[in-house]
Amino acid sequence: MGLWDKLKGEFVDIIEWLNDDRETLAYRFDRYGNEIKNGAKLIVREGQVAVLIHEGQLADVFKPGTYELETRNMPILSTLMGWEYGFESPFKAEVIFVQTTQLIDQKWGTKNPIMLRDLDFGPIRLRAFGTYAVKVTNAKKFISEIVGTDGETSADDIRSQLRNIIVARFTDKLGEAKVPALDLASQYDEIGERIRDQISPEFEEYGLDLCKFLIENVALPPQVEEALDKRSSMGVIGNMQQYTQFQAANAMEDAANNSGGAGDMASSGMGLGMGFAMANQMGQAFGGQGGAAAPPPPPPVNTAVFHISVNGQTYGPYDMSTLQQHVASRQVTQETMVWSQGMAAWTAAGQVNELVSLFGPPSPPPAPGSMPPPPPPPM
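Procedures and definitions
Residues numbered from 1 in each chain as written. Predicted model: local features only at pLDDT ≥ 70, side-chain atom pairs only at ≥ 80, totals over all residues. Heavy atoms only, no water. Buried < 20%, exposed > 50% of the residue type's maximum accessible area, 1.4 Å probe, protein only. Helix = DSSP H or I, 4+ residues; strand = E, 2+ residues; numbered from the N terminus. Arc of directions from axis to C-beta. Core = buried A, V, L, I, M, F, W, Y, C linked by side-chain atoms within 4.5 Å. Contact = heavy atoms within 4.5 Å. Polar contact = N/O pair within 3.5 Å; in protein donor to acceptor, adjacent residues only side chain to side chain. Phe/Tyr/Trp six-rings, centres within 6.5 Å; stacked < 30°, edge-to-face > 60°. Salt bridge = Lys/Arg side-chain N within 4 Å of Asp/Glu carboxyl O. Expected span 1.5 Å × (residues − 1). Bend = angle between axes of the 7 residues up to and from the residue. Pairing = 2+ DSSP bridges.

Another point: helix H3 (residues 139-147). Within H3 the residues assigned to the buried category are Ala139, Phe142, Ile143 and Val147. The arc enclosing the buried residues of H3, seen along the axis, measures out at 100°, which places them on a common side. Taken from the residues just after H3, Gly148 is the one with a positive phi, measuring 65°.

This next bit is on the nonpolar core. In terms of nonpolar packing, the biggest core is built from 43 residues, with Val98, Trp108, Phe170, Phe203 and Leu208 touching the most fellow members. Setting aside anything within four residues of it in sequence, one finds Val98 in contact with Trp17, Leu25, Ala26, Gly47, Gln48, Val49, Val136, Ala139, Phe142 and Ile143. If you look at the next biggest cluster of nonpolar residues, it comprises 18 residues, including Ala40, Ala50, Ala93 and Val95.

Turning our attention to the side chain of Asp118. By secondary structure assignment, the location of Asp118 is in strand E11 (residues 114-118). In this structure the side chain of Asp118 is engaged in a polar contact, spanning 2.9 Å, whose partner is the backbone nitrogen of Asp120.

Two numbers describe a pair of aromatic rings. These are the distance of the centres and the angle of the planes. Following the criterion strictly, the structure yields six aromatic pairs and no others. Ring plane angle 65° and centroid distance 6.4 Å describe the contact between Phe29 and Phe97, whose orientation is recorded as edge-to-face. Pair noted here: Phe29 is in the loop between strand E2 (24-28) and strand E3 (35-36) and Phe97 is in strand E9 (residues 94-99), with a separation of 68 residues, a long-range link. Under the relative-accessibility criterion, Phe29 is labelled buried at 15%. Measuring from centroid to centroid gives 5.3 Å for Trp108 and Phe213, while their planes differ by 20°, and the two rings are stacked. Taken together, the positions of Trp108 in strand E10 (residues 103-109) and Phe213 in strand E14 (residues 208-219) put the pair 105 residues apart, joining distant regions of the chain. The exposure class assigned to Phe213 is buried, which follows from its relative accessible area of 5%.

Here the structure, examined in full by the defined rule, presents seven salt bridges. Linking Glu16 and Arg45 is a salt bridge whose minimum nitrogen-to-oxygen distance equals 2.9 Å. Taken as a pair, Glu16 in the loop between strand E1 (14-15) and E2 and Arg45 in the loop between strand E4 (41-44) and strand E5 (48-54) lie far apart in primary sequence, 29 residues in all. Judged by its relative accessible area of 33%, Arg45 is partly exposed. Salt bridges linked by common partners bring Glu23, Asp156 and Arg159 together as one network.

Here helix H5 (residues 188-204) spans 24 Å end to end across 17 residues, near enough to the 24 Å set by a 1.5 Å rise per residue. Remark: the principal bend of H5, roughly 30°, maps to Gln198, with a proline, Pro201, within the next four residues. The set of residues buried in H5 consists of Tyr188, Ile191, Gly192, Ile195, Ile199, Ser200, Glu202 and Phe203. Contact partners of the buried residues in H5: strand E12 (122-136), helix H4 (156-177) and E14.

A few words now on the sheet that holds strand E18 (residues 347-348). Pairing within the open sheet is antiparallel, and its four strands lie in the order E16-E15-E17-E18. Pairing within the sheet leaves two strands with one partner each, and these edge strands are strand E16 (313-318) and E18. When strand E15 (residues 306-310) meets E16, the two strands line up antiparallel, connected through four bridges. Counted as the bridge partner of Ile308 is Tyr315 from E16.

Keep in mind these numbers describe shape, not what the thing actually does.
Written out as C-alpha coordinates, the structure is:
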(Lines give C-alpha, C1' and ligand atoms only; values in the text may rest on other atoms or scores of the structure.)
Protein backbone atom coordinates (compact mmCIF):
# COMPACT_ATOMS: atom_id res chain seq x y z
CA MET A 1 0.00 0.00 0.00
CA GLY A 2 1.37 3.45 -0.98
CA LEU A 3 1.87 6.61 1.09
CA TRP A 4 -1.41 8.14 -0.14
CA ASP A 5 -3.38 5.06 0.96
CA LYS A 6 -1.74 5.26 4.37
CA LEU A 7 -2.55 8.98 4.73
CA LYS A 8 -6.09 8.38 3.53
CA GLY A 9 -6.51 5.70 6.21
CA GLU A 10 -5.40 8.20 8.85
CA PHE A 11 -7.88 10.87 7.83
CA VAL A 12 -10.92 8.80 6.81
CA ASP A 13 -13.09 8.38 9.93
CA ILE A 14 -16.27 6.92 8.41
CA ILE A 15 -16.72 3.16 8.42
CA GLU A 16 -19.59 1.84 6.28
CA TRP A 17 -20.48 -0.87 3.76
CA LEU A 18 -22.42 0.08 0.65
CA ASN A 19 -23.65 -3.37 -0.38
CA ASP A 20 -25.04 -3.41 -3.92
CA ASP A 21 -25.90 -7.10 -4.22
CA ARG A 22 -27.78 -9.76 -2.25
CA GLU A 23 -25.20 -12.51 -2.69
CA THR A 24 -22.50 -11.13 -0.37
CA LEU A 25 -23.25 -12.20 3.19
CA ALA A 26 -20.16 -10.87 5.01
CA TYR A 27 -17.59 -8.18 4.18
CA ARG A 28 -14.41 -7.34 6.10
CA PHE A 29 -13.93 -3.53 6.04
CA ASP A 30 -10.59 -2.71 4.41
CA ARG A 31 -8.61 -0.19 6.49
CA TYR A 32 -4.90 0.48 6.64
CA GLY A 33 -3.43 -1.49 9.53
CA ASN A 34 -6.96 -1.95 10.94
CA GLU A 35 -6.50 1.38 12.71
CA ILE A 36 -9.62 3.28 13.81
CA LYS A 37 -9.50 6.87 15.04
CA ASN A 38 -11.05 7.95 18.32
CA GLY A 39 -14.56 9.23 17.56
CA ALA A 40 -14.76 7.58 14.14
CA LYS A 41 -18.28 7.22 12.76
CA LEU A 42 -19.67 3.76 12.15
CA ILE A 43 -22.70 3.66 9.83
CA VAL A 44 -24.74 0.44 9.81
CA ARG A 45 -27.61 0.36 7.33
CA GLU A 46 -30.86 -1.58 7.49
CA GLY A 47 -30.31 -5.25 6.73
CA GLN A 48 -26.78 -5.16 8.21
CA VAL A 49 -24.95 -5.59 11.48
CA ALA A 50 -21.32 -4.69 12.19
CA VAL A 51 -19.02 -6.73 14.43
CA LEU A 52 -15.76 -5.46 15.98
CA ILE A 53 -12.94 -7.98 16.32
CA HIS A 54 -9.85 -7.43 18.47
CA GLU A 55 -6.87 -9.76 18.02
CA GLY A 56 -9.11 -12.54 16.75
CA GLN A 57 -11.71 -12.19 19.50
CA LEU A 58 -15.30 -11.24 18.69
CA ALA A 59 -16.26 -8.06 20.50
CA ASP A 60 -19.18 -5.64 20.15
CA VAL A 61 -22.08 -6.01 17.68
CA PHE A 62 -23.76 -2.89 16.26
CA LYS A 63 -27.30 -2.96 14.84
CA PRO A 64 -28.54 -0.50 12.17
CA GLY A 65 -27.77 3.12 13.08
CA THR A 66 -24.94 5.70 13.21
CA TYR A 67 -22.40 5.43 16.02
CA GLU A 68 -19.48 7.54 17.22
CA LEU A 69 -17.02 4.94 18.43
CA GLU A 70 -16.06 5.61 22.02
CA THR A 71 -15.67 3.72 25.26
CA ARG A 72 -19.35 3.77 26.29
CA ASN A 73 -20.65 2.06 23.14
CA MET A 74 -17.81 -0.50 22.92
CA PRO A 75 -18.01 -2.22 26.34
CA ILE A 76 -16.62 -5.58 25.23
CA LEU A 77 -13.75 -4.06 23.24
CA SER A 78 -12.95 -1.70 26.12
CA THR A 79 -12.68 -4.68 28.47
CA LEU A 80 -10.47 -6.61 26.05
CA MET A 81 -8.13 -3.63 25.61
CA GLY A 82 -8.12 -2.64 29.31
CA TRP A 83 -9.60 0.84 28.84
CA GLU A 84 -10.90 2.37 32.04
CA TYR A 85 -11.69 5.99 31.24
CA GLY A 86 -10.92 6.31 27.56
CA PHE A 87 -8.54 5.20 24.90
CA GLU A 88 -5.77 6.61 22.82
CA SER A 89 -6.34 7.27 19.16
CA PRO A 90 -6.00 5.39 16.93
CA PHE A 91 -6.76 1.84 18.12
CA LYS A 92 -6.62 -1.40 16.15
CA ALA A 93 -9.73 -3.48 15.49
CA GLU A 94 -11.30 -5.27 12.56
CA VAL A 95 -14.83 -4.49 11.39
CA ILE A 96 -16.92 -7.13 9.63
CA PHE A 97 -20.30 -6.24 8.17
CA VAL A 98 -22.87 -9.06 7.96
CA GLN A 99 -26.00 -8.96 5.79
CA THR A 100 -29.15 -9.93 7.72
CA THR A 101 -31.79 -9.73 4.96
CA GLN A 102 -33.43 -12.91 3.70
CA LEU A 103 -31.90 -14.91 0.88
CA ILE A 104 -35.06 -15.93 -0.98
CA ASP A 105 -35.73 -18.41 -3.77
CA GLN A 106 -32.84 -20.69 -2.87
CA LYS A 107 -33.14 -23.94 -4.82
CA TRP A 108 -32.86 -27.48 -3.44
CA GLY A 109 -33.37 -30.82 -5.14
CA THR A 110 -32.43 -34.48 -5.00
CA LYS A 111 -29.32 -35.42 -6.97
CA ASN A 112 -30.35 -39.09 -7.11
CA PRO A 113 -33.82 -40.70 -6.96
CA ILE A 114 -35.21 -41.65 -3.55
CA MET A 115 -36.03 -45.38 -3.28
CA LEU A 116 -39.37 -46.00 -1.52
CA ARG A 117 -41.96 -48.76 -1.11
CA ASP A 118 -45.36 -47.50 -2.29
CA LEU A 119 -48.76 -49.06 -1.55
CA ASP A 120 -49.99 -48.57 -5.12
CA PHE A 121 -46.85 -49.10 -7.23
CA GLY A 122 -44.64 -51.22 -4.98
CA PRO A 123 -40.91 -50.29 -5.05
CA ILE A 124 -40.59 -46.89 -6.70
CA ARG A 125 -38.07 -44.08 -7.27
CA LEU A 126 -39.02 -40.45 -6.66
CA ARG A 127 -37.31 -37.12 -7.30
CA ALA A 128 -38.16 -33.93 -5.43
CA PHE A 129 -37.26 -30.25 -5.57
CA GLY A 130 -38.34 -26.93 -4.07
CA THR A 131 -37.15 -23.63 -2.61
CA TYR A 132 -36.23 -22.17 0.77
CA ALA A 133 -35.39 -18.81 2.34
CA VAL A 134 -32.64 -18.23 4.92
CA LYS A 135 -31.02 -15.31 6.74
CA VAL A 136 -28.29 -14.61 9.30
CA THR A 137 -29.67 -14.07 12.80
CA ASN A 138 -26.53 -14.60 14.90
CA ALA A 139 -23.67 -12.62 13.36
CA LYS A 140 -21.04 -13.77 15.86
CA LYS A 141 -21.81 -17.44 15.32
CA PHE A 142 -21.92 -16.95 11.54
CA ILE A 143 -18.48 -15.30 11.58
CA SER A 144 -16.92 -17.95 13.79
CA GLU A 145 -18.46 -20.93 11.94
CA ILE A 146 -18.56 -19.74 8.31
CA VAL A 147 -16.61 -16.53 7.64
CA GLY A 148 -13.42 -17.15 9.63
CA THR A 149 -10.58 -15.11 8.16
CA ASP A 150 -12.16 -14.62 4.72
CA GLY A 151 -12.33 -11.07 3.44
CA GLU A 152 -15.71 -11.73 1.82
CA THR A 153 -18.27 -14.52 2.08
CA SER A 154 -21.02 -15.09 -0.50
CA ALA A 155 -24.20 -17.15 -0.48
CA ASP A 156 -22.62 -19.57 -2.95
CA ASP A 157 -20.11 -20.59 -0.24
CA ILE A 158 -22.86 -22.17 1.89
CA ARG A 159 -25.45 -23.37 -0.65
CA SER A 160 -24.02 -26.86 -1.14
CA GLN A 161 -23.85 -27.57 2.59
CA LEU A 162 -27.38 -26.31 3.24
CA ARG A 163 -28.74 -28.27 0.27
CA ASN A 164 -27.10 -31.47 1.51
CA ILE A 165 -28.71 -31.04 4.93
CA ILE A 166 -32.14 -30.42 3.38
CA VAL A 167 -32.03 -33.40 1.01
CA ALA A 168 -30.83 -35.79 3.73
CA ARG A 169 -33.59 -34.79 6.16
CA PHE A 170 -36.23 -34.70 3.39
CA THR A 171 -35.40 -38.27 2.35
CA ASP A 172 -35.74 -39.48 5.93
CA LYS A 173 -39.07 -37.71 6.54
CA LEU A 174 -40.55 -38.83 3.23
CA GLY A 175 -39.75 -42.45 4.06
CA GLU A 176 -41.28 -42.13 7.54
CA ALA A 177 -44.48 -40.51 6.21
CA LYS A 178 -45.42 -43.63 4.15
CA VAL A 179 -47.80 -41.54 2.03
CA PRO A 180 -48.73 -43.10 -1.36
CA ALA A 181 -47.08 -41.30 -4.26
CA LEU A 182 -50.42 -40.28 -5.76
CA ASP A 183 -51.44 -38.62 -2.45
CA LEU A 184 -48.20 -36.71 -1.83
CA ALA A 185 -49.48 -33.50 -3.43
CA SER A 186 -52.01 -33.13 -0.60
CA GLN A 187 -49.25 -33.47 2.02
CA TYR A 188 -46.63 -30.99 0.73
CA ASP A 189 -47.33 -28.36 3.41
CA GLU A 190 -47.44 -30.87 6.29
CA ILE A 191 -44.24 -32.66 5.25
CA GLY A 192 -42.52 -29.31 4.60
CA GLU A 193 -43.36 -28.07 8.11
CA ARG A 194 -42.02 -31.25 9.71
CA ILE A 195 -38.78 -30.99 7.73
CA ARG A 196 -38.37 -27.29 8.63
CA ASP A 197 -38.81 -28.07 12.34
CA GLN A 198 -36.18 -30.81 12.12
CA ILE A 199 -33.45 -28.95 10.23
CA SER A 200 -33.88 -25.49 11.82
CA PRO A 201 -31.60 -26.40 14.78
CA GLU A 202 -28.89 -27.49 12.34
CA PHE A 203 -29.10 -24.15 10.53
CA GLU A 204 -28.90 -22.34 13.88
CA GLU A 205 -25.50 -23.95 14.47
CA TYR A 206 -24.23 -21.69 11.65
CA GLY A 207 -26.07 -18.60 12.95
CA LEU A 208 -28.79 -18.99 10.29
CA ASP A 209 -32.57 -19.06 10.46
CA LEU A 210 -34.57 -21.18 8.00
CA CYS A 211 -37.38 -18.72 7.30
CA LYS A 212 -39.30 -20.74 4.71
CA PHE A 213 -39.16 -24.26 3.27
CA LEU A 214 -41.34 -25.24 0.30
CA ILE A 215 -41.81 -28.49 -1.63
CA GLU A 216 -42.68 -27.67 -5.24
CA ASN A 217 -42.94 -31.15 -6.70
CA VAL A 218 -42.29 -34.83 -6.05
CA ALA A 219 -41.93 -36.43 -9.48
CA LEU A 220 -42.53 -40.03 -10.53
CA PRO A 221 -40.16 -41.77 -12.98
CA PRO A 222 -40.90 -40.90 -16.64
CA GLN A 223 -42.05 -44.49 -17.40
CA VAL A 224 -44.61 -44.40 -14.58
CA GLU A 225 -45.83 -40.95 -15.63
CA GLU A 226 -46.29 -42.21 -19.21
CA ALA A 227 -48.31 -45.20 -18.00
CA LEU A 228 -50.49 -42.92 -15.86
CA ASP A 229 -51.09 -40.62 -18.84
CA LYS A 230 -52.29 -43.58 -20.92
CA ARG A 231 -54.56 -44.73 -18.13
CA SER A 232 -55.99 -41.21 -17.80
CA SER A 233 -56.56 -41.05 -21.56
CA MET A 234 -58.57 -44.28 -21.43
CA GLY A 235 -60.68 -42.83 -18.64
CA VAL A 236 -61.39 -39.71 -20.70
CA ILE A 237 -62.43 -41.78 -23.75
CA GLY A 238 -64.87 -43.82 -21.65
CA ASN A 239 -66.83 -46.40 -23.68
CA MET A 240 -64.37 -47.64 -26.32
CA GLN A 241 -67.12 -49.07 -28.58
CA GLN A 242 -69.05 -45.81 -28.70
CA TYR A 243 -65.82 -43.94 -29.35
CA THR A 244 -65.07 -46.21 -32.35
CA GLN A 245 -68.56 -45.63 -33.74
CA PHE A 246 -68.13 -41.87 -33.34
CA GLN A 247 -64.79 -41.98 -35.21
CA ALA A 248 -66.36 -44.03 -38.03
CA ALA A 249 -69.25 -41.56 -38.36
CA ASN A 250 -66.80 -38.65 -38.63
CA ALA A 251 -64.87 -40.52 -41.34
CA MET A 252 -68.07 -41.05 -43.34
CA GLU A 253 -68.95 -37.36 -43.09
CA ASP A 254 -65.46 -36.36 -44.27
CA ALA A 255 -65.69 -38.75 -47.21
CA ALA A 256 -69.06 -37.30 -48.25
CA ASN A 257 -67.75 -33.73 -48.05
CA ASN A 258 -64.73 -34.58 -50.19
CA SER A 259 -66.74 -36.22 -53.04
CA GLY A 260 -67.02 -34.34 -56.37
CA GLY A 261 -65.47 -33.98 -59.86
CA ALA A 262 -63.31 -36.73 -61.24
CA GLY A 263 -63.05 -38.46 -57.87
CA ASP A 264 -66.78 -39.08 -57.46
CA MET A 265 -66.54 -42.78 -58.23
CA ALA A 266 -63.64 -43.40 -55.85
CA SER A 267 -65.18 -41.31 -53.09
CA SER A 268 -68.55 -43.01 -53.51
CA GLY A 269 -66.92 -46.41 -53.30
CA MET A 270 -65.03 -45.42 -50.19
CA GLY A 271 -68.19 -44.04 -48.59
CA LEU A 272 -70.12 -47.18 -49.49
CA GLY A 273 -67.46 -49.41 -47.95
CA MET A 274 -67.34 -47.35 -44.78
CA GLY A 275 -71.14 -47.41 -44.64
CA PHE A 276 -71.13 -51.20 -44.69
CA ALA A 277 -68.47 -51.22 -41.95
CA MET A 278 -70.51 -48.81 -39.89
CA ALA A 279 -73.64 -50.89 -40.34
CA ASN A 280 -71.77 -54.00 -39.28
CA GLN A 281 -70.48 -52.31 -36.11
CA MET A 282 -73.92 -51.00 -35.22
CA GLY A 283 -75.44 -54.39 -35.86
CA GLN A 284 -72.97 -56.03 -33.51
CA ALA A 285 -73.47 -53.32 -30.90
CA PHE A 286 -77.28 -53.15 -30.93
CA GLY A 287 -78.28 -56.66 -32.09
CA GLY A 288 -79.40 -55.89 -35.67
CA GLN A 289 -81.08 -58.35 -38.06
CA GLY A 290 -77.77 -59.24 -39.70
CA GLY A 291 -76.58 -61.32 -36.71
CA ALA A 292 -76.91 -61.89 -33.01
CA ALA A 293 -75.01 -59.74 -30.53
CA ALA A 294 -71.90 -61.23 -28.94
CA PRO A 295 -72.57 -62.65 -25.44
CA PRO A 296 -71.19 -60.64 -22.50
CA PRO A 297 -68.04 -61.94 -20.82
CA PRO A 298 -68.60 -64.18 -17.78
CA PRO A 299 -68.39 -62.45 -14.39
CA PRO A 300 -65.17 -62.91 -12.42
CA VAL A 301 -65.12 -65.70 -9.86
CA ASN A 302 -64.33 -63.41 -6.92
CA THR A 303 -65.33 -59.77 -7.21
CA ALA A 304 -64.84 -58.83 -3.56
CA VAL A 305 -62.78 -55.69 -2.93
CA PHE A 306 -61.25 -54.62 0.35
CA HIS A 307 -60.10 -51.40 1.97
CA ILE A 308 -56.97 -51.48 4.15
CA SER A 309 -55.89 -49.30 7.08
CA VAL A 310 -52.21 -48.28 7.46
CA ASN A 311 -51.02 -45.80 10.12
CA GLY A 312 -54.54 -44.51 10.67
CA GLN A 313 -55.17 -43.84 6.95
CA THR A 314 -57.52 -45.78 4.68
CA TYR A 315 -56.50 -46.97 1.20
CA GLY A 316 -58.30 -48.87 -1.53
CA PRO A 317 -60.47 -50.48 -2.56
CA TYR A 318 -58.17 -53.24 -3.84
CA ASP A 319 -59.18 -56.42 -5.65
CA MET A 320 -57.77 -59.83 -4.77
CA SER A 321 -55.03 -59.62 -7.40
CA THR A 322 -53.76 -56.28 -6.05
CA LEU A 323 -53.96 -57.50 -2.45
CA GLN A 324 -51.92 -60.57 -3.41
CA GLN A 325 -49.20 -58.26 -4.76
CA HIS A 326 -49.21 -56.22 -1.52
CA VAL A 327 -48.97 -59.45 0.52
CA ALA A 328 -46.02 -60.61 -1.62
CA SER A 329 -44.23 -57.27 -1.00
CA ARG A 330 -45.09 -57.48 2.75
CA GLN A 331 -47.05 -54.24 2.68
CA VAL A 332 -50.12 -56.19 3.82
CA THR A 333 -49.75 -58.76 6.61
CA GLN A 334 -52.13 -60.96 8.56
CA GLU A 335 -52.36 -58.19 11.19
CA THR A 336 -53.36 -55.48 8.67
CA MET A 337 -56.92 -54.27 9.35
CA VAL A 338 -59.27 -54.68 6.36
CA TRP A 339 -62.93 -53.99 5.58
CA SER A 340 -65.26 -54.87 2.73
CA GLN A 341 -68.92 -54.30 1.90
CA GLY A 342 -71.04 -56.45 4.21
CA MET A 343 -68.47 -56.66 7.05
CA ALA A 344 -69.68 -55.38 10.44
CA ALA A 345 -66.30 -53.94 11.48
CA TRP A 346 -62.61 -53.71 10.56
CA THR A 347 -60.96 -57.13 10.94
CA ALA A 348 -57.39 -58.43 10.76
CA ALA A 349 -56.68 -59.80 7.27
CA GLY A 350 -55.61 -63.18 8.66
CA GLN A 351 -59.09 -63.66 10.16
CA VAL A 352 -61.06 -62.98 6.94
CA ASN A 353 -61.99 -66.22 5.13
CA GLU A 354 -61.61 -64.69 1.65
CA LEU A 355 -58.06 -63.55 2.42
CA VAL A 356 -56.66 -66.51 4.38
CA SER A 357 -55.42 -68.21 1.21
CA LEU A 358 -53.25 -65.18 0.35
CA PHE A 359 -50.93 -65.87 3.28
CA GLY A 360 -50.26 -69.53 2.46
CA PRO A 361 -51.17 -72.68 4.41
CA PRO A 362 -50.38 -72.71 8.15
CA SER A 363 -47.50 -74.85 9.42
CA PRO A 364 -48.70 -78.35 10.59
CA PRO A 365 -48.51 -79.08 14.34
CA PRO A 366 -46.05 -81.74 15.57
CA ALA A 367 -47.22 -85.37 15.28
CA PRO A 368 -48.91 -86.69 18.46
CA GLY A 369 -46.69 -88.75 20.70
CA SER A 370 -43.50 -87.78 18.90
CA MET A 371 -40.56 -87.29 21.22
CA PRO A 372 -37.11 -85.93 20.46
CA PRO A 373 -34.40 -88.62 20.21
CA PRO A 374 -32.42 -89.18 23.43
CA PRO A 375 -28.92 -87.69 23.64
CA PRO A 376 -26.01 -90.01 22.89
CA PRO A 377 -24.32 -91.67 25.88
CA PRO A 378 -21.20 -89.99 27.26
CA MET A 379 -17.89 -91.24 25.90
